[in-house]
Amino acid sequence: MPVDVGLARLSNDLIYGGILAYSVGFLCFAMDAAFGNHVSEAKQPARARAKVPALAGVGAASSGSSDIAVSEPAAPASSGPFTSPSRSGRMSRWGSAIARRVGAVAVLFTLAGWALHAGAILTRGLSVHRLPWGNMYEFTLALTFAAVTAFLAISTRHRARYLGVFLMAPVVLALGIAVLVLYVPAAPLMPALQSYWLAIHVSAATIAFGVFAVGAVATLMFLVADRYAAAITTGKPVRFTSLARIMPDAETLDRMAYRLHAFVFPIWTFAVIAGAIWAEYAWGHYWQWDPKETWAFITWIVYAGYLHARATAGWRGRKAAYVALLGFGTILFNFFVVNIFISGMHSYAGL
Amino acid sequence: MSETPVDVRENPDTSAVSGLDTVPEAPDEYGTRQRAPKTSVSSVFSFLRWAWYSLTSMRTALILLFLLALASVPGSILPQRGGSDPFRVNQYYLDHPTLAPILDHVGLFNVFGSVWFAAIYLLLFVSLAGCVLPRSKRHLKAMRLRPPAAPKNIGRLPFSTSWFTELEPDAALDKVHAFLRAKHFRADRAPSSVNAEKGYLRETGNLLFHLALLVVLLGVAVTAGFSYNGSVLVKEHDAFTNTVISYDAFTPGRFVDRAKLPPFSFTLNKFEATYHRGDNARGDADTFDAYVTWQPNLDAPAREYDVRVNHPLSTQGTNVYLGGHGYAPHFIIRDAAGHTFDQTVPFLPQKGTYQYQGVVKLPDAKPDQLGITGFFLPTASVDPTTRQPISIFPAADNPAVVIGVFSGNLGLDTGVPQSVYELDTSKLTRLTTAVMRPGDTITLPGGEGTVTFAGFEEWASFNITHDPGKPIVLVAVCAMVLGLLASLGIRRRRVWVRASRDFAGRTLVEVGGLTRTDASGGFDDEFARLMTSLRTAVPADDGDPADHRDAGGADQRADFVATVPQPVAAPDKED
Ligand code: HEM
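## Re the overall build of chain A
And then number 1: Within chain A, the regular secondary structure consists of twelve helices and zero strands.
And then number 2: When the helices and strands of chain A are placed in sequence order, the string is α-α-α-α-α-α-α-α-α-α-α-α.
And then number 3: Buried residues in chain A amount to 58% of all 351 residues.
And then number 4: A separation of at least 24 residues holds for 82% of the contacts in chain A among residues at least 6 apart in sequence.
And then number 5: Carbon together with sulfur atoms contributes 70% to the accessible area of chain A, which is approximately 14,000 Å² in total.

## Considerations on the overall build of chain B
And then number 1: Regarding its fold elements, chain B presents ten helices and 23 strands.
And then number 2: When each of the 575 residues of chain B is scored for burial, the buried share is 51%.
And then number 3: Residue pairs at least 24 apart in sequence account for 64% of intrachain contacts in chain B once pairs closer than 6 positions are excluded.

## Quick word on the sheet that holds strand S15 (residues 369-377) of chain B
All names here are of chain B.
And then number 1: An order of S13-S14-S15-S18-S19 is seen for the five strands of this open sheet, with the pairing classed as antiparallel. Since the sheet does not close on itself, it has two edges, and those belong to strand S13 (348-349) and strand S19 (428-436), each with one partner.
And then number 2: One ladder, built from eight bridges, connects strand S18 (residues 400-408) with S19; its direction is antiparallel. Counted as the bridge partner of Phe406 is Arg430 from S19.

## Structural notes on the confidence of the model for chain B
All names here are of chain B.
And then number 1: Looking at chain B, the pLDDT average stands at 79 and 83% of residues meet or exceed 70.
And then number 2: A low-confidence stretch, residues 1-34 stays under pLDDT 50, and its non-local contacts, those more than four residues away or across chains, total 110 contacts.
And then number 3: pLDDT under 50 marks residues 546-575. Its contacts with residues more than four places away, or in other chains, come to 86 contacts.
And then number 4: Both scores are given for the predicted complex: the pTM is 0.74, the ipTM 0.71.

## Examining the coordination of the iron atom of the ligand
And then number 1: With respect to protein ligation, the iron atom of the ligand binds only His201(A) (NE2), at 2.3 Å.
And then number 2: Positionally, His201(A) belongs in helix H8 (residues 196-234).

## Some details on the packing of aromatic side chains
And then number 1: With the rule as written, the count across this model stands at 35 aromatic pairs over all chains.
And then number 2: Ring geometry for Phe212(A) and Tyr303(A): centres 4.0 Å apart, planes at 15°, overall stacked. Of this pair, Phe212(A) sits in helix H8 while Tyr303(A) sits in helix H11 (residues 291-310), and the two are 91 residues apart along the sequence.
And then number 3: A relative accessible area of 0% places Phe212(A) in the buried class.
And then number 4: Residue Tyr303(A) is classed as buried on the basis of its relative accessible area of 1%.
And then number 5: Aromatic side chains Trp289(A) and Phe117(B) sit 5.5 Å apart centroid to centroid with 85° between the ring planes, which places their arrangement in the edge-to-face category. With Trp289(A) in the loop between helix H10 (250-283) and H11 and Phe117(B) in helix H5 (residues 115-144), this pair bridges two chains.
And then number 6: With relative accessibility at 4%, the residue Phe117(B) sits in the buried group.

## Details of the nonpolar core
And then number 1: Grouped together as the largest cluster of nonpolar side chains are 136 residues, with contacts concentrated most on Leu163(A) and Trp268(A).
And then number 2: Leu163(A) has contacts with Phe151(A), Ile154(A), Val214(A), Val217(A), Ala218(A) and Met221(A), leaving out every residue within four places of it along the chain.
And then number 3: In terms of nonpolar packing, the next biggest core, distinct from the first, is built from 29 residues, Leu268(B), Phe393(B), Ala395(B) and Ile464(B) among them.

## A short note on the pattern of salt bridges
When charged atoms on two side chains of opposite charge get close, those side chains can pair.
All names here are of chain B.
And then number 1: Inspection of every chain in the model, using the stated rule, returns 18 salt bridges over all chains.
And then number 2: For Arg308, the salt bridge is made with Asp306, and the minimal N-O distance between the two is 2.8 Å.
And then number 3: Accessibility expressed as a relative area gives 15% for Asp306, which makes it buried.
And then number 4: Because the salt bridges share partners, they merge into one network encompassing Glu197, Glu203, Arg492 and Arg494.

## What about the side chain of Asp254(A)?
And then number 1: Tracing the backbone through its elements, the reader meets Asp254(A) in helix H10.
And then number 2: Sequence-distant contacts of Asp254(A), that is, excluding residues within four places in its chain, are made with Phe222(A) and Arg310(A).

## Side note on the sheet that holds strand S9 (residues 303-307) of chain B
Residue and element names in this part refer to chain B.
And then number 1: Taken in spatial order, the four strands of this open sheet run S5-S7-S8-S9, and their pairing is antiparallel. With partners counted over all chains shown, the strands left at the sheet margins are strand S5 (239-241) and S9, one partner each. Shown here is a sheet whose adjacent strand axes are inclined to one another by a mean of 30°, direction ignored.
And then number 2: Note: strand S7 (residues 265-275) against strand S8 (residues 285-295), ten bridges, orientation antiparallel. Opposite Thr274, over in S8, you have Thr287 as the bridge partner.

## Here's the deal with helix H1 (residues 44-55) of chain B
Each full turn of the α-helix corresponds to 3.6 residues, which orients residues three or four apart in the same direction.
All names here are of chain B.
And then number 1: Here H1 is twelve residues long and its end C-alpha atoms lie 16 Å apart, about the 16 Å a rise of 1.5 Å per residue gives.
And then number 2: Listed as buried for H1 are Ser46, Ser54 and Leu55.
And then number 3: Structurally, H1 contributes buried residues whose contacts are with helix H2 (58-77) and H5.

## Remarks on the packing of H2(B) against H5(B)
Residue and element names in this part refer to chain B.
And then number 1: Close contact between H2 and H5 brings their axes to 9 Å; oriented N to C, the two are set at 155°. The angle between H2 and H5 falls in the class roughly antiparallel. Along this stretch, H2 crosses H5, giving a crossing that reads as left-handed. Between H2 and H5, the contacting residues are Met58, Thr60, Ala61, Leu64, Leu65, Leu67, Leu68, Ala71 and Ser72 on the first element and Trp116, Phe117, Ile120, Tyr121, Leu123, Leu124, Ser127 and Cys131 on the second.
And then number 2: Looking at the contact of H2 with H5 residue by residue, the classes come out as 14 nonpolar, three polar and no charged.

## Concerning the environment of Thr425(B)
All names here are of chain B.
And then number 1: Turning to its location among the elements, Thr425 is positioned in the loop between S18 and S19.
And then number 2: With a relative accessible area of 36%, Thr425 lands in the partly exposed category.
And then number 3: Taking the C-alpha atoms as reference points, Thr425 and Ser407, separated by 18 residues in sequence, lie 9.1 Å from one another.

## A short note on the packing of helix H6 (residues 169-182) of chain B against helix H9 (residues 523-537) of chain B
Residues and elements named next belong to chain B.
And then number 1: Remark: H6 packs on H9, axes separated minimally by 10 Å, with the N-to-C direction vectors making an angle of 135°. Taken as axis vectors, H6 and H9 run oblique relative to one another. Relative to H9, H6 is oriented so that their crossing is right-handed. Along the contact surface, H6 presents Lys175, Val176, Phe179 and Leu180, while H9 presents Leu530, Ser533, Leu534 and Ala537.
And then number 2: Residues that form the contact of H6 with H9 fall into these classes: six nonpolar, one polar and one charged.

## A closer look at unusual backbone geometry
Residues and elements named next belong to chain B.
And then number 1: Between Lys366 and Pro367 the backbone carries a cis peptide bond, its omega angle lying at 0°.
And then number 2: Considering the arrangement of structural elements, one finds Pro367 in the loop between strand S14 (356-362) and S15.
And then number 3: We note that His184 has phi near 65°; this positive angle belongs to a residue other than glycine.
And then number 4: Locating His184 in the fold gives a position in the loop between H6 and strand S2 (186-190).
And then number 5: Relative accessible area serves as the criterion here: at 65%, His184 is assigned to the exposed category.
And then number 6: Unlike most non-glycine residues, Gln316 shows phi in positive territory, near 50°.

## Examining the environment of Asn339(A)
Residue and element names in this part refer to chain A.
And then number 1: Note on placement: Asn339 falls in helix H12 (residues 318-341).
And then number 2: As a C-alpha pair, Asn339 and His117 span 222 residues in sequence and 24 Å in three-dimensional space.
And then number 3: In contact with Asn339, not counting residues within four places along its chain, are Met136, Lys292 and Asn334.

## Some details on the environment of Pro363(B)
All names here are of chain B.
And then number 1: With respect to the helices and strands, Pro363 occurs in the loop between S14 and S15.
And then number 2: Expressed as a C-alpha distance, the spacing of Pro363 and Ser43, which sit 320 residues apart in the sequence, is 73 Å.
And then number 3: When neighbours within four sequence positions are excluded, Pro363 is seen to be in contact with Gln369, Leu410 and Leu412.

## Some words on the confidence of the model for chain A
Interpreting fine coordinate detail is not advised for predicted regions of low pLDDT.
Residue and element names in this part refer to chain A.
And then number 1: Chain-level pLDDT for chain A is 75 on average; 74% of the residues reach the 70-or-more range.
And then number 2: When mean pLDDT is taken per element in chain A, H11 scores highest with 90 and helix H3 (residues 45-55) scores lowest with 33.
And then number 3: Residue range residues 39-91 is modelled with pLDDT below 50. Its contacts to residues more than four positions away, or to other chains, number 95 contacts.
And then number 4: Across residues 347-351, where pLDDT falls below 50, the model places twelve contacts with residues more than four positions away in sequence or in other chains.

Definitions and limits used
Residues numbered from 1 in each chain as written. Chains lettered and ligands numbered in written order. Predicted model: local features only at pLDDT ≥ 70, side-chain atom pairs only at ≥ 80, totals over all residues. Heavy atoms only, no water. Helix = DSSP H or I, 4+ residues; strand = E, 2+ residues; numbered from the N terminus. Buried < 20%, exposed > 50% of the residue type's maximum accessible area, 1.4 Å probe, protein only. Contact = heavy atoms within 4.5 Å. Areas by Shrake-Rupley, 256 points an atom, 1.4 Å probe, with all protein chains shown as cover. Pairing = 2+ DSSP bridges. pLDDT = per-residue confidence, 0-100. Donors = N, O, S within 2.8 Å, 3.2 Å for Na, K, Ca; no water. Phe/Tyr/Trp six-rings, centres within 6.5 Å; stacked < 30°, edge-to-face > 60°. Core = buried A, V, L, I, M, F, W, Y, C linked by side-chain atoms within 4.5 Å. Salt bridge = Lys/Arg side-chain N within 4 Å of Asp/Glu carboxyl O. Axes fitted to C-alpha atoms, helices over the stretch in contact; angles between N-to-C directions. Expected span 1.5 Å × (residues − 1). Parallel < 35°, antiparallel > 145°, perpendicular 65-115°, else oblique. Left-handed = near helix turned anticlockwise from the far one by under 90°. Nonpolar A, V, L, I, M, F, W, Y, C, P; charged D, E, K, R; others polar.

As structure tokens, then:
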């Protein structure tokens, strides 16, 4: 079937609109992070209770929330600071009102960008009459979409808006790379790619990639927050302090990161298996140690290592976090280096 | 999840009461040793025992797993003999003449078939088996275990709450028992408490995953011995019979009986390819169809099948996949002595072009041997800059061949094996070069004869594989996914409830909860919800201690604040 050029063009316009909306959303998230009063916003009484007296010596009541005014014995060092004492003290009422508004605007713009993004993927798919993740451009669109979807889902359910500023930056960057570098005009797929197992495989891989990205962002944030917390207790100076101040405590981030990884690991496993089933249909070998397969396997092992590290005494925390980042590194390697520089079955040497 | 602000306390020091904590050097939450116990190596036996413990510790298994990943890296970066393009190894030898033999010597051009890769694989398997199998035994026992008895001080559990009720202690506990059972807890009614646990499937899932992984490792390795694969190029109208000699290449596993391959056969009636003709991705393939007539054995009726990419022909556990395709020009050559040679020769696709290259060898031509090298151009055109004939489209819209004809000695008698797709021109002299269209005939200079380009056929290559281990591996990987879902998605948690009379004669209900490896969080919410409904089942009387404490008008959630002041250490989860 011929390509519907009009729809393909519409898809391109939509993605530019989406990038614009995401960018505005990102700026608002940044403003929100920089100026927002997070203790009152995040509504985390237990944490505030455990921490604020310990680190700031300021009554938790300063956050203005009545249900957390329970004073507790000092928390040990493991809790990271969420807001600097001086700022939460100075934060004026109208300032925080505006900040709250900015946070909402950030989510709204991200939602708008998400809708445009969805439209771009949909029209691209309709224009070529297939699932629109058949090349690196389309795949990048799809995986950033998965990442933003995961972010929006957890930020409504788990109040993880703080991820916004750190996630939207790489998303906008990736989409920029997609439209500027990876772009290819809409076209049908070559015969080997016309298989529903491949569709399943790539869909699962895309979702997994997107969620892994969110997990990596949460892990990076954890490392910054954890360093900051350690620096507070030892009194040593530390870099990225201003970044850590706009983040929740390390424990929260660690938990968020783990949840994301635990959620997505089975999806990744399934994606690799679906790829193997596809390969079996296409070539008669479910596993050939093709470079892409090999790296999918390496990714799988590294994340399996992370899950084990997380459950092993002495490996929790920072060490496990490095393993998770290594895992994401292998995904990036697979996507950029293997796809572009190393030829294998995936690049269709034969047919 | 934290729609409910969390007022459930979390205690840091639960190790005193929980049987669930990880104690170093003891089985961890997986019931697995993390480190080998230190044993003095005083005798061979104790050394062996130490070696076995070390090998089967979780740490070793993980290190081996990482080693396996690390070992596969060079296999993905260096060209591999078994890979998609084995010729790249030769190219590598030419490009890096000193480095290549060294790499080759340590097996880096055949990583996945190398001894050291197999060694890691084998060690990993043994380690995993030694780690998982004993655990399965323990787990089978643990699965039938009743929930453990309530700890002395329920209030010191990570999650706890209490209230007074007007019910008698026994009646209250009966209600709690019924309630927890209805919530699918495994609950025991002890004389003064209810002990309950839920989420046993978590461990089952975890075990299923690891066992299945074991099966996959085993299945892949063992069934390889019973597998074979091969490839064959078939021209249109030609037939293939599944015997070892019919293959162009055949790789059997160790235990394959070469004489007993399934006796199917097929004839390639027609190969058809269609391509994009628009400007967009012009020349990319749309469809490939190899129409065959096949029989499962000689006595069976013949059937039709369309072998496509992603659509193999399957029979008797053997699959026939469509591989490559190309053209086979048909030449009629008459030599100086008047003999006629009728040759239809497959030409191979040349990467990055729409041309097909091949040779014709006529060792029996007289007086001199004849050889032809040539290109088949399915859609011939002339390159505007070089003025050379080229092909601009993969379909045979305007077919032509460009040939060079040679006479002399083909070099077939030197004993060195030669590729049928290459011509050694060192002892040949070029007679002529020509561009021909179907039907054209050229006369060779010096009365050496004539060459006619009579037409062409298409050919397809087929990969034929037989792997009896596939169903085993497939079932095992499905089990792996299921196991993972249970293992990562289910939380194991224990709840204890005690009811007792206090000095004033009132019934105090104390509830404590504990979750194992609650790395994923969320038990606080579940516990809070559970308590909300439990307090409906076992209603609080007016003198509830929690109510008094929170007389300031805090909402109902404050009920879950424990009665005993406690240190709060871990910052609370937020989710
Ligand atoms: C890092 C892991 C993987 C990712 C991110 C991934 C992603 C993709 C993507 C995006 C495609 C679409 C085409 C392309 O851009 O190349 C694709 C195709 C394919 N995948 Fe994977 N895949 C992964 C692992 C695997 C595995 C483990 C297999 C199993 C054998 C596999 C088999 C295939 C095959 C055969 C194709 C079609 C050929 C082609 O890509 O051109 N992939 N994969």
